[in-house]
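Structure assessment
Read off the chains here:
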Amino acid sequence: MKRLAILGSTGSIGTQALDVVAAHPGLFEVEVLSAHSNANLLIEQAQKFNPNAVVVTDETKYEIVKEALSQSNVKVFSGHSSLEDVVQWDSVDIVLTAIVGFAGLRSTIAAVNAGKGIALANKETLVVAGDIVMKLAAEKGAQIIPVDSEHSAIFQCLVGEDWRTIEKIILTASGGPFLGRKPNYLVNVKASHALQHPNWTMGAKITIDSATLMNKGLEMIEAKWLFGLDNEQIEVIVHPQSIIHSMVQFTDGSVKAQMGLPDMKLPIQYAMGYPRRLDNKYKRLDFRDYAQLTFEQPDYKTFRNLALAKEAMFKGGNTPCVMNAANEVVVQSFLHNKVGFIEMSDVIEKIMERVAYIEQPSLDDYEKSDKEARIYAAELVKQSQLSY
Ligand code: NDP
Ligand code: MG
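In this report, we go over the structure that sits alongside the text.

What counts as what
Residues numbered from 1 in each chain as written. Chains lettered and ligands numbered in written order. Predicted model: local features only at pLDDT ≥ 70, side-chain atom pairs only at ≥ 80, totals over all residues. Heavy atoms only, no water. Buried < 20%, exposed > 50% of the residue type's maximum accessible area, 1.4 Å probe, protein only. Helix = DSSP H or I, 4+ residues; strand = E, 2+ residues; numbered from the N terminus. Pairing = 2+ DSSP bridges. Polar contact = N/O pair within 3.5 Å; in protein donor to acceptor, adjacent residues only side chain to side chain. Contact = heavy atoms within 4.5 Å. Donors = N, O, S within 2.8 Å, 3.2 Å for Na, K, Ca; no water. Axes fitted to C-alpha atoms, helices over the stretch in contact; angles between N-to-C directions. Parallel < 35°, antiparallel > 145°, perpendicular 65-115°, else oblique. Nonpolar A, V, L, I, M, F, W, Y, C, P; charged D, E, K, R; others polar. Near = heavy atom within 4 Å. Areas by Shrake-Rupley, 256 points an atom, 1.4 Å probe, with all protein chains shown as cover. Salt bridge = Lys/Arg side-chain N within 4 Å of Asp/Glu carboxyl O. Expected span 1.5 Å × (residues − 1).

**Digging into the pairing of strand β3 (residues 53-56)**
Where burial is concerned, the two faces of β3 agree: the one with Ala53 and Val55 and the one with Val54 and Val56 are both buried. Where strand β2 (residues 28-35) lies against β3, four bridges are found, and the strand directions are parallel. For Leu33, the partnering residue across the bridge sits in β3 and is Val54. In this sheet, strand β4 (residues 75-78) lies alongside β3 in parallel orientation, the contact comprising four bridges. When the sheet's bridge partners are listed, Val54 is paired in β4 with Val76.

Right under this line is the structure:
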């Protein structure tokens, strides 16, 4: 029986993780659930899974949750510092980090610091502070198992292999809803359109990141830290069918790929069950449905976010953190029609130039760089023609 803390249980990954728990009675016990603003769903989840505690990070929602669960023995906490406390409890074996964005950083670090098993969905944590997180994980014996489908694929390809024999990894990208489009088209696209991903149903932020290819850029940086790779060992290829979830090429030229239907429950289940591969009854891949698996070079010129993320990875220091913060601001603005699709890259590029470079940032430096980048990005967004 593994005892789980699911951070961000009301999100796309969080709810699917609870589906995995429900499908495997006797294997998992839910110890902690956390939400930010969706009090109703958190209450419903607490009633169904009966955790020891829930944390609602939006403090204005505390009373509602507390009141609704007053007849149960579920403890109710609020605020981010409570999140950092509960992940360290002895009664927690695995922390699934499914909070979106920089907001997930501190709680992930607290869990790593307590030496917990980490099922990592919150990729922004590694983008921002991968050096600090991976070093701490090694020191504290916290094993980090990726949930992101590409990184899960790579991890699965590496089972039984000596990681020193990795020549390169090849991250696959679906290309998103605007694959093949050019700037003259993208300049007019709206959030409602960008939110329609061809292969995956995900939270709003990552869906926009998939449309701009920033998601793949974030994943390059995530992979660098997770697998201890040099920048040159990380490649991206567009594979619109999303059947191959990523590949590893070894030093003998052999390539391993992990495949399956695009369903996030598979990598979530793999990370939660690791090292066991658990059964399920989900739909199977039938190769006759996929007469062709195709591959193409990403269009770095049109989808500039991918080029910017690659540049940030090579620059290192606080640059990925700054880029991530600017991206979080522009994505939220784009979702509210306050900045254009292409303008998002313009803002990110300017912020990457504007915030002072720090070669070896401390955690405090990362927090400061994040704040500074957000302030500048918000200023630039205000100047957009779309802002009002
Ligand atoms: P969602 O937006 O669907 O869910 C985000 C979760 O985080 C919700 O539970 C939300 O709470 C909570 N949350 C939001 N803001 C805060 C905050 N400031 N403090 C604390 N909690 C907060 O996101 P996803 O599930 O799509 O993504 C989660 C993470 O997983 C991201 O880092 C993403 O990149 C990664 N990921 C997601 C994939 C997917 O298929 N969705 C695939 C691969 C990686 P509430 O809703 O209650 O406000
Ligand atoms: Mg992914």
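**Re the side chain of His197**
Structurally, His197 can be placed in the loop between α9 (191-194) and α10 (204-212). Residue class for His197 comes out buried when judged on its relative accessible area of 13%. Polar contacts involving the side chain of His197 include one to the main-chain amide nitrogen of Asn199, which spans 3.0 Å. Within polar-contact distance, the side chain of His197 engages the backbone nitrogen of Trp200 at 3.1 Å. Ignoring anything within four residues of it in the chain, the contact list for His197 reads Ser174, Gly176, Pro177, Met202, Thr207 and Ser210.

**Some words on the coordination of the magnesium ion (ligand 2)**
Summarising the metal site, the magnesium ion (ligand 2) is bound by the protein donors Asp148 (OD), Glu150 (OE) and Glu219 (OE), whose distances to it range over 2.1 to 2.2 Å. Donor residues for the magnesium ion (ligand 2), ordered by position in the chain, follow D-x1-E-x68-E. Classification of Asp148 by relative accessible area gives buried; the value is 8%.

**So, the packing of helix α13 (residues 304-315) against helix α14 (residues 319-335)**
A packed helix pair is summarised by two numbers, namely the angle formed by the two axes and the spacing between the axes. Relative orientation of the contacting elements α13 and α14 amounts to 150 degrees, with a least axis distance of 8 Å. One way to sum up the angle between α13 and α14 is to call them roughly antiparallel. Across the interface between the two elements, Asn305, Leu308, Ala309, Ala312 and Lys315 of α13 pack against Thr319, Pro320, Met323 and Asn327 of α14. Here the contact of α13 with α14 is built from residues that sort into five nonpolar, three polar and one charged.

**Notes on the environment of Tyr270**
Secondary-structure assignment places Tyr270 in helix α12 (residues 265-273). In sequence terms Tyr270 and Gly104 are 166 residues apart; their C-alpha atoms lie 21 Å from each other. If sequence neighbours within four positions are ignored, Tyr270 has contacts with Ser152, Phe155, Gln156, Val159 and Arg277.

**A closer look at the site of ligand 1**
In the vicinity of ligand 1, 25 residues are found, and the nearest of them are Thr10, Ser12, Ser37, Asn38 and Glu124. With respect to ligand 1, the backbone of Ser12 contributes an N or O atom lying 2.8 Å from an oxygen atom. A distance of 2.9 Å separates an oxygen atom of ligand 1 from a polar backbone atom of Asn38. Surface burial for ligand 1 is 87%, taken as the share of its 900 Å² of free accessible area covered by protein chains. Counting only elements with at least two residues in the shell around ligand 1, the list comes to α1 (12-23) and α6 (123-140). Of the residues in the shell around ligand 1, the class split is 10 nonpolar, 12 polar and three charged.

**Observations concerning the pattern of salt bridges**
If you walk through the whole model with that rule in mind, you get 20 salt bridges. When the shortest N-O distance is used, the salt bridge between Lys123 and Asp148 registers 2.9 Å. Within this pair, whereas Lys123 is found in helix α6, its partner Asp148 is found in the loop between β7 (144-146) and α7 (149-157), the two being separated by 25 residues in sequence. An identical accessibility class is assigned to Lys123 and Asp148; each is buried. The residue Glu379 makes a salt bridge to Arg354 at a minimum N-O spacing of 3.8 Å. Pair noted here: Glu379 is in helix α16 (residues 363-382) and Arg354 is in helix α15 (residues 341-354), with a separation of 25 residues, a long-range link. One connected set of salt bridges, linked through shared partners, spans Lys123, Asp148, Glu150, Lys216 and Glu219.

**Comments concerning helix α11 (residues 214-227)**
Taking 1.5 Å of rise per residue, the 14 residues of α11 would be expected to cover 20 Å, and the 20 Å separating its terminal C-alpha atoms lies within 8% of that figure. Most of α11 sits out of view: 13 of its 14 residues are buried. Where α11 ends, the next residue or the one after it, Gly228, has phi of about 60 degrees, a positive value.

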